[in-house]
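An overview of the molecular structure
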Amino acid sequence: MTTGCKALGRRVGGVVAILLALGPAVIATAPAAEAAYVPSAATVAAYEARVIYRINDVRARYGRRRLASVTCPDWYAERWAPYLAQSGYFYHRSMYPILRGCHATVAAENLARGNISADWAFVLWMRSPGHRKNIMDGRLNRIGVAAVYVRGQWTVVANFTRT
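Residues numbered from 1 in each chain as written. Predicted model: local features only at pLDDT ≥ 70, side-chain atom pairs only at ≥ 80, totals over all residues. Heavy atoms only, no water.

Considerations on the overall build of the chain
Put simply, the rule is: For the purposes of this entry, the term helix denotes a DSSP run of H or I that reaches at least four residues, the term strand denotes a run of E that reaches at least two, and both are numbered from the N terminus. Three labels apply to residues, based on accessible area from a 1.4 Å probe with only protein chains included: buried if under 20% of the type maximum, exposed if over 50%, partly exposed otherwise in between. Per-residue accessibility takes into account occlusion by the displayed protein chains alone, with areas from the Shrake-Rupley method and a 1.4 Å probe.
Across its full length, the chain holds 7 helices and 4 strands. Put simply, the chain runs from its N terminus to its C terminus through helices and strands in the order α-α-α-β-α-α-β-α-α-β-β. Counting the 163 residues in the chain, one finds 48% classified as buried. Just so you have it, the chain exposes about 8,000 Å², and 59% of that area is on carbon and sulfur atoms.

Quick word on the nonpolar core
Note the following rule: To form a nonpolar core, buried Ala, Val, Leu, Ile, Met, Phe, Trp, Tyr and Cys residues must be joined to one another through side-chain atoms within 4.5 Å.
Tyr47, Val51, Ile55, Trp125, Ile135, Val156 and Phe160 are the most contacted members of the largest nonpolar core, which has 28 residues in total. At the level of secondary structure, the elements contributing two or more residues to this core comprise α3 (41-61), β2 (106-114), α6 (118-127), α7 (129-136), β3 (142-150) and β4 (153-162). One finds Trp80, Phe90, Leu111 and Val150 within the second-largest nonpolar core, a separate group that totals 11 residues.

Let's talk about the state of the cysteines
Test applied: Criterion for a disulfide: a pair of cysteine sulfur atoms within 2.5 Å.
Scanning the model with the defined rule gives 1 disulfide in all. A disulfide bridge connects Cys72 with Cys102, and the sulfur atoms are separated by 2.1 Å. Here the disulfide of Cys72 and Cys102 is left-handed, its torsion about the S-S bond being about -95°. In this pair, Cys72 is assigned in helix α4 (residues 71-87) and Cys102 in the loop between α5 (96-101) and β2, connecting sequence segments 30 residues apart. The class of Cys72 is partly exposed, set by a relative accessible area of 24%.

Concerning the pattern of salt bridges
The condition that has to hold: Put simply, a salt bridge is a Lys or Arg side-chain nitrogen that is within 4 Å of an Asp or Glu carboxyl oxygen.
Evaluation of the coordinates by the stated rule reveals 5 salt bridges. Here Asp119 ties to Arg54 by a salt bridge, and the two come within 2.9 Å at their closest N and O atoms. Of this pair, Asp119 sits in helix α6 while Arg54 sits in helix α3, placing them 65 residues apart in sequence. Residue classification places Arg54 among the buried positions, given a relative accessible area of 19%.

Concerning the pairing of β4
Under the convention used in this document: Note on pairing: DSSP must find at least two bridges between two strands before they are called paired.
Most of β4 is tucked away, with 8 of its 10 residues classed as buried. When β2 meets β4, the two strands line up antiparallel, connected through 9 bridges. The residue of β4 that forms the bridge with Ala112 is Val156.

Focus on the confidence of the model for the chain
Worth spelling out the cut-off: Confidence scores per residue from the predictor, reported as pLDDT, run from 0 to 100. Any two residues whose heavy atoms approach within 4.5 Å are treated as being in contact.
Taken residue by residue, the chain gives an average pLDDT of 85. The fraction at 70 or more is 79%. Within the model, the stretch residues 2-31 combines pLDDT values under 50 with 39 contacts to residues more than four positions away or in other chains.

In structure tokens:
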């Protein structure tokens, strides 16, 4: 999400509402036998790559430039996703450290959580006006995505920047 406290609060609440409104088929928890599942590094990398692919595919279809997958926003995503997954918290952090750390002029963040595929995370974002706006924002040109699987659900963080 782009910075702005009031808008941020509404958008975070909207994500939770969207996830809940879609029902148990989308956010069902894994059966007890699957709770111990730990995806391989290749599975996690494929999940993250699929999220980026879907974002860049829709941007290209609407005449937006593709986002470059780069180290700086990815570094922030790779630290935020495990924190959210392990702590159980689910909220957007301030974008100011990303703006400063990545020497960016614009920064935004999308979050997703649930027993969902990379494709479903993308679909949920596209159904949310705030998340869709981040994905389609023509000012943004870089992306970093982190996906962490803990207790039967994925926590996904996508950080977008413009440098």
